[in-house]
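# Summary of structural features
Each chain, letter by letter, is given below.
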Amino acid sequence: MNALQKCSLTTWSMGCYTSSGIAAEAASRYMKNSLFRTFWLLAVAWGILGATTPLFAEIPPVFVYQIGLSPAVGGQFQHPFDAAVDSSNNIYIADSQYDRVQKLNDNGTFMFAWGSTGTNSGQFSVPRGVAVDSNNDVYVADQNNHRIEKFNSAGTFITSWGSYGTAPGEFRNPTAVAVDHDNNVYVSDYYNGRIQKFTSTGTFIMTWGANGTGNGQLGYPLGLTVDASNNIYVAEFGNNRVQKFDSNGNYLTKWGTLGAAPGQFNSPQDVAVDASNQVYVADASNHRIQVFTSSGSFLAQWNNQGNGDGQFSFPTSVAVDRNNDILVCDYYNNNVQKFAADGTFIANWGNQTTNGQFNYPTSLSPGVGGAGTTTTLYVADTHNDRIQKFDAAGTFLAAWGESGTNAGQFSEPKGVAVDVSNTVYVADSQNNRIQKFDANGIFMSQWGTGGTNAGEFNVPTSIALGHSNDVYVVDSQNNRIQKFTPGGDFLLQWGSYGTNDGQLIGPASVAVDRSNNVFVADYFNHRVQKFTSSGVFVAKWGIAGTNDGQFDFPAGIAVDPSNNVYVADASFSYIQKFSNSGQFLSKWGSAGTGPGQFSLPLAIVIDANNNIFVADAGNNRVQVFTYPPALTVALLNPNAVLISWAPPTLLNLNLEKNTDLKTTNWLPVSEVPFLSNNLSRVIVTPTNRYQFYRLNKAP
């Protein structure tokens, strides 16, 4: 067998070296299939009868570790929409982001989950509503699949009904489901503006309502519930009110108008009734729960916006358990909270405010130690209104910030950048300002206010620092970039709304290369634009599409030490790499929750050692990657070879050998590496005509 044939039998990215010269095959299939498995490698084969020159193909970065507990873990939630309780007080949560239903016991302890993304039986596409009947069977409003699915209490699929349409028994985005005391099933048919009633097996009984604002008409009905007399209460998102009907759909009463005063609503999402016929309404955009009599007289409210215990950020569901305690699904805080009927806080499940956990991380920046090495990482934990600080291994060090408008407080911090002195700049997006802190989170100064003038902002979302310490800010809703001194003095601005060169639509992030060129992720234009440090347009690349070099909402942008440009694509959930001039080089990542998979990757940053940090916002985590070091080989004499590689800063590696790439019998190299000129080196003595070497991630 000749050397080329031997290489062709493998799927490694490698060079094959024999006495007759070089035969090489760069095969990407293995890399793509194995990139995030237990090990990764660069293989070198040495032909004992002659010296050769190594040949390598570029290998994508490899996953090193993550910071933060993914909400895909049982008992954690990502945008929980609804809750229901069975006869044993077990709790069922419609966990919409992960297309599943979670079951908890009455203490909030995770029991199990079922469901996955898809259209088959037992799968979901945004499960929006959940209800339980007297037999403890579970009904799920599978919103984007336009159907109702029925399961037993163990999550075993029983039946389903519905499809897209306007005829009886069809749905256009069913958003809620409720069951009366006769086990009849009621469904909020959102875009059809109606309520449909079925038997427990899905046989159509009747419908009522039509789009409108009159009595009995419905404006985008969301949540609904049934009281002890089988009366039906419907929360109308579009009309900002609650309507009450009897079980045959006859109109009884209504209450509520748009507003923030007691008895008014702003985007009511759900409604529930307790054993005393008190009515609870999840008033989402007012971030509160309101309590009424069954006829609509206001009784009380719990309104404390924030991310702490008893606080809300867009509550989407309210339910009553067997003890008359109240369960609230808090959409943006990604938790389920439990209260007594008088509003006294009892418990919080799925809480993502613990130090080291995130609730929608949107930006990050490495701190700098000696010799330019990364020693710390700062993360904008957006929905927790704080900045978190970690060491290079991902260990939590500190956090600062809370919800508010005072100095050191935040309202959705969405950009963070750290200068060479480890001064921290934060884009406080909803407060329309930049705040400046020392490395320990001590407030130093701030600038900016809401507006369109120079130095004013309308949702600043990203910060980058030039190599002369100038501060570049993405002023997203003003569709421009503003440039400041480190002290906040305005220097210049560029950009306006539009699609022409130099114009922007909702720019998401900014990065600066070593020549002070400025790169902007032009989010809604699906492109990257390049400017000089004074805002002069240089180049652009990308259009909307799925091919290499195309984008679907580019969100994060970064430049590596070699001036290559990386772009995080929020919708496609991957990272693309380009040359400084926009030539496509490579990409990696896919949608999911595993290592190297993403859900809304919104920011990316690269340190001086080519370590890559990605804010995986939808998975509530930060993922860290690094490039495998290239192995180089030099023939010292006919019986000895010198192998060298640059040791990565975030990985421990073992050098291993094999004589046949078709086997898995890799053995550790017995020779001890030594460090010379910042390279790990080892002198080896191959014992076979074909000797292969790899670097393997240490366990």
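Residues numbered from 1 in each chain as written. Predicted model: local features only at pLDDT ≥ 70, side-chain atom pairs only at ≥ 80, totals over all residues. Heavy atoms only, no water.

## Brief notes about the overall build of the chain
- In terms of regular secondary structure, the chain is built from 2 helices and 60 strands.
- Of the contacts formed within the chain by residues at least 6 apart in sequence, a portion of 48% connects residues at least 24 apart.
- Per element, the accessible surface of the chain, about 25600 Å² overall, is 47% carbon and sulfur. (Helix = DSSP H or I, 4+ residues; strand = E, 2+ residues; numbered from the N terminus. Contact = heavy atoms within 4.5 Å. Areas by Shrake-Rupley, 256 points an atom, 1.4 Å probe, with all protein chains shown as cover.)

## Concerning the sheet that holds strand β35 (residues 433–437)
- Within the open sheet, the 4 strands sit side by side as β33-β34-β35-β36. Their pairing is antiparallel. The two strands at the open ends of the sheet, each matched to only one other strand, are β33 (413–418) and β36 (443–447). Sheet twist, expressed as the mean angle between neighbouring strand axes with direction ignored, is 20 degrees.
- Bridging between strand β34 (residues 424–428) and β35 involves 5 bridges; their strand directions are antiparallel. Note that in β35 the partner of D428 across the bridge is R433. (Pairing = 2+ DSSP bridges. Axes fitted to C-alpha atoms, helices over the stretch in contact; angles between N-to-C directions.)

## Description of the environment of Q66
- Among the secondary structure elements, Q66 is positioned in strand β4 (residues 62–67).
- According to the relative accessible area criterion, Q66 is partly exposed, its value standing at 31%.
- A polar contact is formed between the side chain of Q66 and the backbone oxygen of G68, at a distance of 3.0 Å.
- A polar atom in the side chain of Q66 sits 2.8 Å from the side chain of R621. (Buried < 20%, exposed > 50% of the residue type's maximum accessible area, 1.4 Å probe, protein only. Polar contact = N/O pair within 3.5 Å; in protein donor to acceptor, adjacent residues only side chain to side chain.)

## What about the sheet that holds strand β41 (residues 509–512)?
- Ordered by their spatial adjacency, 4 strands build an open sheet running β41-β42-β43-β44, and the pairing between neighbours is antiparallel. A strand with exactly one partner marks an edge of an open sheet, and here the two such strands are β41 and β44 (537–541). Within this sheet the neighbouring strands show an average axis-to-axis angle of 20 degrees, counted without direction.

## Structural notes on the packing of aromatic side chains
- Under the counting rule described, the total for this entry stands at 51 aromatic pairs.
- Pairing Y523 with F553 gives two aromatic rings, centres 5.0 Å apart and planes at 35 degrees, and the pair type is tilted. One end of the pair, Y523, is in the loop between β42 (518–522) and β43 (527–531); the other, F553, is in the loop between β44 and β45 (554–559), with 30 residues separating them in the sequence.
- Their ring planes at 45 degrees and their centres at 5.5 Å tell us that W541 and F578 sit as a pair that is tilted. Residue W541 is found in strand β44, and its partner F578 is found in strand β47 (residues 574–578); the two are separated by 37 residues along the sequence. Of the two residues, W541 and F578, neither departs from the other in class, the shared state being buried.
- Over the ring of F81 we find R128; its NZ or CZ atom is 3.8 Å from the centre of that ring. (Phe/Tyr/Trp six-rings, centres within 6.5 Å; stacked < 30°, edge-to-face > 60°. Lys NZ or Arg CZ within 6 Å of the ring centre and 35° of its normal.)

## Here we look at the side chain of Q311
- With respect to the helices, strands and loops of the structure, Q311 is situated in the loop between β24 (298–303) and β25 (315–320).
- Only 3.2 Å separates the side chain of Q311 from the backbone nitrogen of N307, close enough to count as a polar contact.
- Looking at Q311, its side chain comes within polar contact range of the main-chain nitrogen of G308, at 2.7 Å.
- Sequence-distant contacts of Q311, defined by excluding residues within four places in its chain, comprise N304, Q305, G306, D330, N333 and Q337.

## Re the environment of N231
- You can see N231 is positioned in the loop between β17 (221–226) and β18 (232–236).
- For N231, a relative accessible area of 15% puts it in the buried group.
- For N231 and S247, which are 16 residues apart along the polypeptide, the C-alpha to C-alpha distance reads 5.5 Å.
- Residues within four places of N231 in sequence aside, it is in contact with T225, V226, K244, F245, D246 and L252.

## Quick look at the side chain of S267
- With respect to the helices and strands, the residue S267 is situated in the loop between β20 (251–255) and β21 (268–273).
- By relative accessible area, S267 is classed as buried at 10%.
- With sequence-adjacent residues up to four places away left out, S267 is seen in contact with F237, N240, A282, D283, A284 and S285.

## Quick notes on the nonpolar core
- In this structure, L364, V622, I643 and W645 are the most contacted members of the largest nonpolar core, which totals 29 residues.
- Ranked by residues supplied to this core, first place goes to β4 with 4 residues.
- Within the second largest apolar cluster, 13 residues are counted, among which are Y566, A568, F598 and I612. (Core = buried A, V, L, I, M, F, W, Y, C linked by side-chain atoms within 4.5 Å.)

## Examining the environment of A340
- Checked against the element boundaries, A340 lands in the loop between β27 (335–339) and β28 (345–349).
- When the C-alpha positions of A340 and N324 are compared, they lie 7.4 Å apart, and in sequence the two are 16 residues distant.

## Comments concerning the pairing of β17
- Among the 6 residues that make up β17, 6 are buried, leaving the element largely enclosed by the rest of the structure.
- Relative to β18, β17 runs antiparallel, the two sharing 4 bridges. By the bridge assignment, T225 is partnered in β18 with Y233.

## Let's talk about the confidence of the model for the chain
- In the predicted model, the chain carries a mean pLDDT of 88, and the fraction of residues at 70 or more is 90%.
- Confidence drops under pLDDT 50 across residues 1–57; counting only partners more than four residues distant or on other chains, this segment forms 131 contacts. (pLDDT = per-residue confidence, 0-100.)

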